[in-house]
Amino acid sequence: DYMEAARALVEKRAAQIRDLQAQIAALQAEQQRAQRRLDAYKYPVLTLANEIIVEIFRHVLPPYPEAPLHTKGKSFLYPITHVCRQWREIAIQTPVLWRAIDLPEPTHRGGRSIVAKMTATWLERSGNYPLSIHGIHHALPHLLPTLTPSRARWEHLSLSVTNVAQFGEVAADPMPLLRSLTLRFIESDRTAALASIQHSDSPLLRSVSLEPYPGPAFILPWSHLTSLTLRRTFPDDALPILRQSARLVHCTLHLLHNPRSNGAWRIRTEDIVLPRLETLIFEATTASVNLGKPVLEMLDTPALLSLEVPERFISSASIAPTVVLTEFVVKCGCALQELKVSGAQYTEQVYRTALPSVDEITAAESLNIS
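Looking at an unreviewed UniProt entry, one finds the protein named F-box domain-containing protein, with Favolaschia claudopus as its source organism.

1. Things to note about the sheet that holds strand E13 (residues 306-310)
One open sheet holds the eleven strands; their spatial order is E3-E4-E5-E6-E7-E8-E9-E11-E13-E14-E15, and the pairing between them is parallel. At either margin of the open sheet sits one strand with a lone partner, and together these are strand E3 (100-102) and strand E15 (360-363). Along the sheet, successive strands turn relative to each other by an average axial angle of 5°, direction set aside. Judged from the five bridges that link them, strand E9 (residues 250-255) and strand E11 (residues 279-283) form a sheet pairing that is parallel. Within E11, the position partnered with threonine 252 by the bridge is isoleucine 281.

2. Some details on the packing of helix H2 (residues 50-60) against helix H4 (residues 85-92)
It is the contact of H2 with H4, at a shortest axis distance of 10 Å, that shows an interaxial angle of 75°. Comparing the axis directions of H2 and H4 gives the class roughly perpendicular. On H4, the residues touching Asn50, Ile53, Val54 and Phe57 of H2 are Gln86, Trp87, Ile90 and Ala91. Its residues assigned to classes, the contact of H2 with H4 comprises six nonpolar, two polar and no charged.

3. Topic: the state of the cysteines
Under the counting rule described, the total for this entry stands at zero disulfides. Cysteine 332 provides the cysteine sulfur closest to cysteine 251, a residue in no disulfide bond, and the two sulfurs are 13 Å apart.

4. Quick word on the packing of aromatic side chains
Overall, the coordinates contain six aromatic pairs when judged by the stated rule. Here phenylalanine 282 and phenylalanine 313 contribute two aromatic rings whose centre-to-centre distance is 4.7 Å and whose plane-to-plane angle is 25°, an arrangement assigned as stacked. You can see phenylalanine 282 sitting in strand E11 and its partner phenylalanine 313 sitting in the loop between E13 and helix H10 (321-332), a full 31 residues away along the chain. The same class applies to phenylalanine 282 and to phenylalanine 313, which are both buried. The side chain of arginine 99 reaches across the aromatic face of tyrosine 64, ending 3.9 Å from its centre. Above the face of the tryptophan 154 ring, arginine 151 is positioned so that its terminal group lies 5.9 Å from the ring centre.

5. A word on the environment of arginine 88
Tracing the chain through its elements places arginine 88 in helix H4. With a relative accessible area of 37%, arginine 88 lands in the partly exposed category. Separated by 192 residues in the primary sequence, arginine 88 and leucine 280 have C-alpha atoms spaced 46 Å apart. With sequence-adjacent residues up to four places away left out, arginine 88 is seen in contact with Thr81 and Arg125.

6. A short note on the pattern of salt bridges
Scanning the entire structure with this criterion turns up nine salt bridges. Note that lysine 340 is salt-bridged to glutamate 338, the shortest N-O span being 3.7 Å. Residue classification places glutamate 338 among the partly exposed positions, given a relative accessible area of 24%. The closest approach of N and O atoms between arginine 352 and glutamate 348, which form a salt bridge, is 3.2 Å. With arginine 352 and glutamate 348 both in helix H11 (residues 348-354) and four residues apart, the pair spans about one turn of that helix.

7. Observations regarding the side chain of histidine 254
Counting through the fold element by element, histidine 254 comes out in strand E9. The exposure class assigned to histidine 254 is buried, which follows from its relative accessible area of 9%.

Analysis parameters
Residues numbered from 1 in each chain as written. Predicted model: local features only at pLDDT ≥ 70, side-chain atom pairs only at ≥ 80, totals over all residues. Heavy atoms only, no water. Pairing = 2+ DSSP bridges. Helix = DSSP H or I, 4+ residues; strand = E, 2+ residues; numbered from the N terminus. Axes fitted to C-alpha atoms, helices over the stretch in contact; angles between N-to-C directions. Parallel < 35°, antiparallel > 145°, perpendicular 65-115°, else oblique. Contact = heavy atoms within 4.5 Å. Nonpolar A, V, L, I, M, F, W, Y, C, P; charged D, E, K, R; others polar. Disulfide = S-S within 2.5 Å. Phe/Tyr/Trp six-rings, centres within 6.5 Å; stacked < 30°, edge-to-face > 60°. Buried < 20%, exposed > 50% of the residue type's maximum accessible area, 1.4 Å probe, protein only. Lys NZ or Arg CZ within 6 Å of the ring centre and 35° of its normal. Salt bridge = Lys/Arg side-chain N within 4 Å of Asp/Glu carboxyl O.

Now the structure itself:
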């Protein structure tokens, strides 16, 4: 009897095994069909043409010539290259994405070599495109050997440097594509060996911003500029530059009293004529009080459309700021359309009454309204 029962159990288990094998086969077939559907599926973003993906990448980045910032030593652009292999290949092979470089600050010992390698990688990936380079004074010295071979491609240069001599190393050779130059001198040494950029070296240079102006031995092609910003600069230095800059369309000035000056700049010989100037912005601190009237008396800006000025810059105990502005507009004969006065104690209505021909007038109590 027990032999018969064993035979019956073997047959029963064999039948169950066959049923399970059939179920497994069915499940495997279903799995394979699902896998084939997955393999055949294309994610919509991966079906886009490479040109469209590149355009998406370009919209992720700041508009050129601004540069993507670095966070903890990693570029803002790098996450794009980490999404998938296809995106990485497209990004690396698209030079236009790598043409704006923000020089990162070394964050630890040994970080200088890492930063130099990152910078070299960006320069290599940028191909032959013109470059926009932004840097700070701590990163600049050890990166000069990496940067200078690409000098012929520099289009926009914005640097903070410890002194003028350090910039002299950068400006030693021609920069034929240079269009804009921004220099912030940290602990500027006016006795340092000064650099110069000649017009023949940088024929496209049109926009310059200096803070502060390092001295008269610092030579730029002033006569070819259309935009000029001078911050923390003495009138003794700024006015001779303006006299040479007849093509200016935009100008920003932050002038300071020079404690060592004898005020010779106040002795007028002839007006400083800026026939194309449309926008004039003055910035002021407590070291700028009362400078406005003698400066404005020297300027002749017949095409001026927009003027922005802190009230303290044109205030004095003897004459109201409205009178200073009225005399300036009448003397120039300009069709001023916009006036912004910051740090104003006089009301907006007072300025409107004094200058009824100006379309837009803003008088704000805050010192900075731009």
